[in-house]
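# Reading the structure
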Amino acid sequence: TKLGGIDTNNNKSDFGINYNNDIKYFSLVSKGVLEINYIGDKLKLKAINPIKINHIKVDAPANNFFKQKNKLTFEPIISLQYKFSASFKLTSTGFIGRQFSSIENIYPSYIFIYLDFTAFNSNIDEITAGNTSTSINYENVLTNVFASATYSFSKQQNYVVVNTKILPNGQRVLESIN
């Protein structure tokens, strides 16, 4: 599509190649999962081991832009529960997940979102997130007393740096810096 308007002389004009788009975005994720479950007298273990094949392709011929990424990822999830006694149990979980840049973060030309323009033109970046948590639980069903103490730690890595400019009319222009 073309973004355009009418200038002060009542002539139609477009705003240039930076505002044209004919983008084609394709994303395909294939996944295979191996799940392991173990339940013992005191121990419960669950491990989910997905392997994903990610295929992302972005093509915008009007802007001479093409990017493609094929990536094999492993995103495990593990949960462990150990029962010390009838009242106390320890639970621990952890996972690693991966996402890839959205179309808004890849496209080289300006995208009008709300009242702001974005032009990221970044690579197809991989965003890695991980989480681990541990909790100890006390349960006494006879007296209706339940208590839990939990520690959780999360981390996310994203390597896109964004430059923000504010135009005289108040609009923000976001551009990524590779």
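In what follows, the structure referred to is the one given above.
Quick look at the structure, then. Here the structure is a predicted model, which means the values were calculated and not measured.

### As for the nonpolar core
Counting residues in each nonpolar core, the largest one holds 8 residues, listed as Ile-56, Val-58, Ala-60, Phe-65, Phe-100, Ile-106, Tyr-107 and Ile-124. When residues in this core are grouped by element, the largest group, 3 residues, is from strand 4 (residues 43-60). Excluding residues within four positions of it along the chain, Ile-124 makes contact with Ile-56, Lys-67, Gln-68, Lys-69, Phe-100, Ser-101 and Ile-106.

### Re unusual backbone geometry
The phi dihedral of Asn-144 falls on the positive side, at around 55°, and the residue is not glycine. Along the chain, the position of Asn-144 falls in the loop between strand 10 (126-140) and strand 11 (145-157).

### Overview of the pattern of salt bridges
Under the counting rule described, the total for this entry stands at 5 salt bridges. Of the charged contacts, one joins Glu-35 and Lys-46 as a salt bridge, the two residues approaching to 3.7 Å between their closest N and O atoms. Remark: Lys-46 occurs in strand 4 and Glu-35 occurs in strand 3 (residues 24-39); sequence separation between them is 11 residues. With relative accessibility at 36%, the residue Lys-46 sits in the partly exposed group. Across the pair Glu-139 and Lys-89 runs a salt bridge, and its minimum N-O distance is 3.6 Å. Of this pair, Glu-139 sits in strand 10 while Lys-89 sits in strand 7 (residues 88-100), and the two are 50 residues apart along the sequence. The exposure class of Glu-139 is partly exposed, given its relative accessible area of 32%. Exposure remark for Lys-89: the relative accessible area of 18% places this residue in the buried category. Ionic contacts of the salt-bridge type, sharing partners, join the residues Lys-71, Arg-98 and Glu-126 into one network.

Cut-offs and rules
- Residues numbered from 1 in each chain as written.
- Predicted model: local features only at pLDDT ≥ 70, side-chain atom pairs only at ≥ 80, totals over all residues.
- Heavy atoms only, no water.
- Core = buried A, V, L, I, M, F, W, Y, C linked by side-chain atoms within 4.5 Å.
- Buried < 20%, exposed > 50% of the residue type's maximum accessible area, 1.4 Å probe, protein only.
- Helix = DSSP H or I, 4+ residues; strand = E, 2+ residues; numbered from the N terminus.
- Contact = heavy atoms within 4.5 Å.
- Salt bridge = Lys/Arg side-chain N within 4 Å of Asp/Glu carboxyl O.

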